[in-house]
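These are the residues of each chain, in order.
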Amino acid sequence: MAAKKLSETFSKSLIEEVGRWGCMKQTGVSLRYMMEFGSKPTDKNLLISAQFLHKELPIRIARRAIELETLPYGLSEKPAVLKVRDWYLDSFRDLRSFPDIRSTSDERDFTQMIKAIKVRHNNVVPMMALGLQQLKKEMDPKIVYEDLDEIHQFLDRFYMSRIGIRMLIGQHVELHNPNPPPHCIGYIDTKMSPVQVARNASEHARCVCLREYGSAPDFNIYGDPSFTFPYVPSHLHLMVFELVKNSLRAVEERYMDSDKVAPPIRIIVADGLEDVTIKVSDEGGGIPRSGLPKIFTYLYSTARNPLDENTDLAADKGTMAGYGYGLPISRLYARYFGGDLQIISMEGYGELNMFSVLLYSYCLYINK
């Protein structure tokens, strides 16, 4: 992985410009505003949206690029992290070199460019995981990686920001869809059924389990399928997928050599006055009490890590486990719109995963 030092790859003027933009203030955009604004995706509104992103995205991307250069314990110098830094700087340069957006034609060209930026950053999460793996290999074995709070706090900030950047780009791009799904405004489904999304995500996780082990436990979902609320289905899908995938693996590995039938995963969707709570429970044996403080730290996993220097990230069709990112990333997605993720473990029995999403989460600000 031949990523070079900053001064060897980018001009001094670009580096200085990144520094200036990284000091600028971000602008919050509420989901309520995105729904109201996106409900009428006229050429004028799309032009206004593009002009806003033309100024907002460089600020957010510059902040992340600066932080990637100043990480502790030598993490900034790891080849995989340098690669991610270069992606951010390339995206910053693309945005800043794009001329002012004055016409519908300009807006369409800009939309194509930010679509390409979003694709460029598709593999940021596994690439950063590889960088952390490179760091762990070189660290003193006596150092407990999970205790390095500075790195975990950085990763929380970094991935929370990434969620926001991809939400802004994805929302604008999706507003160009000439045939949007019913009740959808860009990325936002104004009548999303959490039961249906949970079912789709669970089926997806079960397919991954079947491919990995040749068999997979069943799952049961309880809840009112007619209940809907405004949310981003892709975010909910990711959270449920990760939790159910973990439960399936735990149950499958516990019962694979047993004559007993593997018990099903139970998923309950509860509609509250303020929150929607989704509970995922299994009988996979649970986590030892000593492991609970580590489950939300990055790269902690009870499975073999699938990453190495030669990993083809583009060819990864869904790995059952091992990245150590599923739970902390899922918690960030839950918290992004005001919810949370909690885990209760009964060692020797199984786990109870619960997360809530706010019913009126579209009033919250995307300002991370």
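Computed from a predicted structure; not experimentally measured. (Residues numbered from 1 in each chain as written. Predicted model: local features only at pLDDT ≥ 70, side-chain atom pairs only at ≥ 80, totals over all residues. Heavy atoms only, no water.)

### Let's talk about the packing of aromatic side chains
In this structure the tally under the stated criterion is 12 aromatic pairs. Both rings, one in tyrosine 231 and one in phenylalanine 337, keep their centres 5.5 Å apart while their planes meet at 75°; by these two values the pair is edge-to-face. Within this pair, whereas tyrosine 231 is found in strand β5 (residues 229–231), its partner phenylalanine 337 is found in the loop between α11 (326–336) and β8 (340–346), the two being separated by 106 residues in sequence. One exposure class covers both tyrosine 231 and phenylalanine 337, and it is buried. Look at tyrosine 298 and tyrosine 325: their rings are 5.1 Å apart centre to centre, the planes differ by 65°, and that puts the pair in the edge-to-face class. One end of the pair, tyrosine 298, is in the loop between β7 (275–281) and α11; the other, tyrosine 325, is in the loop between β7 and α11, with 27 residues separating them in the sequence. Exposure class is identical for tyrosine 298 and tyrosine 325. Each is buried. Through a chain of ring-to-ring contacts, three or more aromatic side chains come together here, namely Tyr88, Phe154, Phe158, Tyr159, Tyr298 and Tyr325. Just above the ring of phenylalanine 296 sits the side chain of arginine 331; from NZ or CZ to the centre is 4.0 Å. (Phe/Tyr/Trp six-rings, centres within 6.5 Å; stacked < 30°, edge-to-face > 60°. Helix = DSSP H or I, 4+ residues; strand = E, 2+ residues; numbered from the N terminus. Buried < 20%, exposed > 50% of the residue type's maximum accessible area, 1.4 Å probe, protein only. Lys NZ or Arg CZ within 6 Å of the ring centre and 35° of its normal.)

### A few points about the nonpolar core
Met128, Tyr159 and Tyr325 are the most contacted members of the largest nonpolar core, which has 103 residues in total. Ranked by residue count, the leading element in this core is helix α8 (residues 149–174), at 12 residues. Looking at which domains feed residues into this core, each of domain 1 (6–182) and domain 2 (193–361) supplies at least three. Those residues within four positions of methionine 128 in sequence are excluded, and the remaining contacts are Leu68, Val81, Val84, Phe154, Leu155, Phe158, Tyr159 and Tyr325. (Core = buried A, V, L, I, M, F, W, Y, C linked by side-chain atoms within 4.5 Å. Domains from an automatic or database assignment. Contact = heavy atoms within 4.5 Å.)

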